[in-house]
Amino acid sequence: MKKYLYTLVTLSLLGSVSCKKEITSTCRYSIFYAPFGFAFEGFTLEEVDTLILKTYEPGTEFSTLLHTDTIYTIHHVLKDSILYRDEVADAGNMDSGSGFGPLAIGSEYILEIPALQSTIKVKELTQGPTSHTFQVIGHCSPGAGTARFASYGAQFESIYQTARIKGLSMRPNDVPVLVKK
């Protein structure tokens, strides 16, 4: 009789465990977009020692100039034939990571390289979503809510090749645009 009682108790326990409802959790994280700047490959220091960054009202086809900045590349780091901004020496502008000239959403830009009489137009700066929500079976992992970083989208018009690259720092938001001659 005891044998049947143990079997019955065991089966009922197994049945209650197997019928347990799965827990579904909704997890969320924020996505941040940081300004970016330019790094240069194939240029001499003399060619890019002075840059002019013109900021325009977006959607005006570069007709409404908001302001002009002169950028000097005196504080630089040359690594793997790429000229980056030295963030430590150039503490005046912390927003662009290891790129020269911080560009952010809300404007359009023309970067002039006076020594080469050339320009790079940057327009249609866009960002994606500012958060992401997803569901998991069980509980959200401890890192699920950690903020993520993403890069602005942009259209570049130039005679040079342009591509996003990882900057010098280990920060995930240090992704300058490489201008390759």
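Residues numbered from 1 in each chain as written. Predicted model: local features only at pLDDT ≥ 70, side-chain atom pairs only at ≥ 80, totals over all residues. Heavy atoms only, no water.

Participant: Would you take a moment to explain the packing of aromatic side chains for this structure?
Facilitator: Geometry of an aromatic ring pair is reported as the spacing of the ring centres plus the angle between the planes. Under the definition given, this model contains eight aromatic pairs. The structure contains a cluster of three or more aromatic residues connected by ring pairs, namely Phe40, Phe43, Phe100 and Tyr160. (Phe/Tyr/Trp six-rings, centres within 6.5 Å; stacked < 30°, edge-to-face > 60°.)

Participant: How should the environment of Ala144 be read in this particular structure?
Facilitator: Mapped onto the elements, Ala144 comes out in the loop between β10 (131–137) and β11 (148–150). Along the backbone, Ala144 and Arg28 are 116 residues apart, and their C-alpha atoms lie at a distance of 6.9 Å. (Helix = DSSP H or I, 4+ residues; strand = E, 2+ residues; numbered from the N terminus.)

Participant: Please clarify how the sheet that holds β11 should be interpreted in this entry.
Facilitator: Sheet strands pair via backbone hydrogen bonds, and the direction of the pair is either parallel or antiparallel. What the three strands build is an open sheet, ordered β10-β1-β11; its pairing is mixed. A strand with exactly one partner marks an edge of an open sheet, and here the two such strands are β10 and β11. The sheet shows a mean angle of 35 degrees between the axes of neighbouring strands, direction not considered. Relative to β11, strand β1 (residues 24–33) runs parallel, the two sharing three bridges. Bridged to Phe32 within β11 is Phe149. (Pairing = 2+ DSSP bridges. Axes fitted to C-alpha atoms, helices over the stretch in contact; angles between N-to-C directions.)

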